[in-house]
Amino acid sequence: MRLVVPIAAPEEVAPLSRAGADEFYCGLVPPAWAQRFGRSTLNRRMGGNLPSVEDLARTVESVHALGKTVSVAFNAQSYPADRWDELLKVIERVAALGADALIVGELGVLAALAAQRLPLRLHLSSVASCHNSEMAQLAAELGAVRVILPRHVTLREIRGMCRAIPGTQVEVFLLNDGCVFEEGSCHTLHLPGALGGPICLERFQSQYHRRDGQALAETDCEALRANEEAWDRWLWHVFACGFSVTTEGLPHGPCGLCAISQLGRAGVAAVKIAGRDSRLERRLKSVEMARAVLDRAATGDERQVQEFARALRGKPDRCACGFMCYYREVSPSLNG
Amino acid sequence: MMDEHRFEQGGPRGQRPGTPAPVPTGAAAVHCAVSFSEVEPLVRFAASVGAGAPDGTAGLAASAPEWAALLAARPPLRIQFGNEFCQRLLPSIAALERALGAASAAGLAFGLVLPMLTDAGIERAERLLGRLPPDTEVTVNDWGVLRRLTRGFPALRATAGRLLCRMLKEPRAPSAAYLHLGGHGFATPGLQTLLERFGIERVEVDVPPFVQAGDLRGFSGQLSVHAPLGFATTGRICRIGNLRCSAARQFATGHTCARECLSYWSELSIARRAGSESLRLLQRGNTIFYRHSVPMARALAAVLAAGAADRLVLPGEGLPCGS
């Protein structure tokens, strides 16, 4: 399996490559686009984007000098008609610079770009919310050579989709950047902190009601309180255990490292480290962790690989509870 | 000063939607559909409509007062059965057949609604699709489901649901500038072509915050609009659905549940920040909804009056969306 890693600047290519990245992906928001349509409308991330085509040119050059590839994300939720022509101009420029693939977030864009026969591979973004074999097959028919699955899929579902599109690569999440909701169906913004931040981290007060109009019984209230506490604990894990790292700098948070062998057996072609807007140090440590597990998985016994992966952070309780797991089926919480 | 797109009347945070929107009297073609996730409320509603004593319609008017006049003038003609957001709420075959029977007895048209589905969910959905009479409308919210529907059940009519309509609908945004709206998600050139490929003639959309009437134009076919609730976000992990989960399975992808969303809902409130006014937010199951403000209802009325949309989809049960 190939390890796909995010970059936010050309200078990051070399260190991330040394750490073990096989492929790179990035976002690009040229100043003219940002001025006209805002910084959050060309791809899904407001931060961590290359700020100019010149930066992309340097990135492509650096990546290709290492014999590796770089994909550029155009995975906004949608591109309304008023920005369609400008989008195509940006993409033509990206193609001319020699980028290897586009990551597109919506099937309509995928189909339209495939019809243009650009000299680029097309990857369907996780933002497209491919949760079943039918959609994976549709993406392949429309021209995707790789389908990146969303975060919330099970190993069984991954196996089914891999089987459904044998000639098309499947990429899945491996590390970092949890999401509470389905990213492709989340029509909100990561607002500035002063306005509440992401909606999943907003400190809402939930006032529960019964739908039959009856008052909540005391037993209801107790169960709901316990559920809210569990929700808060899960959220804490999803958001990198309070955005923390180990003393060695290894990031906590969503993780599929101990499922690498199962992902490989399922037919997954590539695993992804998320978060191009995170600090370089965090991404370097993530790549190091992933590389170490991938290399062991290439030759090692599956159980030993799992034990190695779970021991990496030196925090067995974090793994044991299952709340950091992308693929809970392999979690000790379910398997003893 | 409160933004003009926020609720205009008093109450906590100015969120009470008390001012009726103008009735789109010029839009003779507008009709109402009522959506249900559960069969029992659907049967009760259909029975009341069929008996000429539309208690259900009165209930609808209470939960959506801005549409009371329209409902009085043009009672619902359709029922939409099924949940848009969760595969665990796929109806049983028995429930589907009861719903079909109730709609037929009341003289109401019937449509089935399907959510985003996994392979296992599609298998279950196929059993439902096989029971539908020819030409039944099926609202799909998943491209894979649409592919399966059009290939396996060509006699049914596919409608693209609002989950396929991607547009920023951040209900906490303090101004329109945050949303960069440029039309709704089905109005994009690439998607129009894809919808044509699947023979889609009708799409369903939400009304986004800060909407301008023109934002709901751009699709060449028929347009249904949901009111008075839009969905802001949804997903596979359900907060209330974990109420009775074992600790080991809590919040895991594909977790089971006891359909707690059918028993509980929650109001989400935010400690106010200076300069920030959120729409009223509700959570049911895995989905956060916002309630339309008066300006949003007015914009929708203008859309209906101009003939840009011909169907209003109102929730028949599920959320206490009134003022």
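Look up: the structure comes first, before these words.
Residues numbered from 1 in each chain as written. Chains lettered and ligands numbered in written order. Predicted model: local features only at pLDDT ≥ 70, side-chain atom pairs only at ≥ 80, totals over all residues.

Contact residues are listed per partner, giving 60 residues for chain B and 61 residues for chain A. Where the side of chain B that touches chain A is concerned, the elements lending two or more residues are α5 (119-129), α6 (143-152), α7 (189-197), β8 (229-233) and β9 (264-269) of chain B. Among the elements that line the side of chain B that touches chain A, the one with the most residues is β9(B), at six residues. Split into classes, the residues belonging to the side of chain B that touches chain A amount to 27 nonpolar, 21 polar and twelve charged. (Contact = placed C-beta atoms within 7 Å. Helix = DSSP H or I, 4+ residues; strand = E, 2+ residues; numbered from the N terminus. Nonpolar A, V, L, I, M, F, W, Y, C, P; charged D, E, K, R; others polar.)

What follows covers the environment of B:T233. Here B:T233 is to be found in strand β8. Overall, the presence of 24 C-beta atoms within 10 Å leaves B:T233 in the buried class. As for B:T233 and B:K169, which are separated by 64 residues in sequence, their C-alpha atoms are 8.8 Å apart. Here B:T233 is in contact with A:F181, A:S185, A:C186, A:H187, A:T188, A:I199 and B:I288, once residues within four sequence places are set aside. (Buried ≥ 20, exposed ≤ 12 C-beta atoms within 10 Å, placed from the backbone.)

This part covers unusual backbone geometry. All names here are of chain B. The omega angle of the peptide bond from A227 to P228 is -5 degrees, so this bond is cis rather than trans. Relative to the helices and strands, P228 resides in the loop between β7 (222-226) and β8. Even without glycine at this site, D135 takes up a positive phi of about 75 degrees. In this fold, D135 is placed in the loop between α5 and β4 (137-140).

All names here are of chain A. Along the chain, Q169 falls in strand β8 (residues 169-175). Given 19 C-beta atoms within 10 Å, Q169 falls into the partly exposed group. For Q169 and A270, which are 101 residues apart along the polypeptide, the C-alpha to C-alpha distance reads 7.6 Å. With residues up to four places along the chain from it excluded, the contact list for Q169 reads V145, R146, A269 and A270.

Here we come to the sheet that holds β9(B). The strands that make up a sheet are held in pairs by hydrogen bonds between backbone atoms, and each pair lies either parallel or antiparallel. Strand order in the open sheet formed by five strands is β9(A)-β9(B)-β10(B)-β11(B)-β8(B), with antiparallel pairing between adjacent strands. Among the strands making up the open sheet, the edge pair consists of β9 (205-210) of chain A together with β8 of chain B. Along the sheet, successive strands turn relative to each other by an average axial angle of 35 degrees, direction set aside. Pairing between β8(B) and strand β11 (residues 287-291) of chain B: four bridges, direction antiparallel. Each residue of the ladder has a partner; that of B:F231, found in β11(B), is B:F289. (Pairing = 2+ DSSP bridges. Axes fitted to C-alpha atoms, helices over the stretch in contact; angles between N-to-C directions.)

For the rest of this paragraph, the subject is the nonpolar core. Judged by nonpolar contacts, the single largest core of 198 residues is most densely connected at A:L110, A:A139, A:I158, A:A290 and B:V225. Tallying contributions element by element places helix α8 (residues 294-305) of chain B first for this core, with eight residues. (Core = buried A, V, L, I, M, F, W, Y, C linked by C-beta atoms within 7 Å.)

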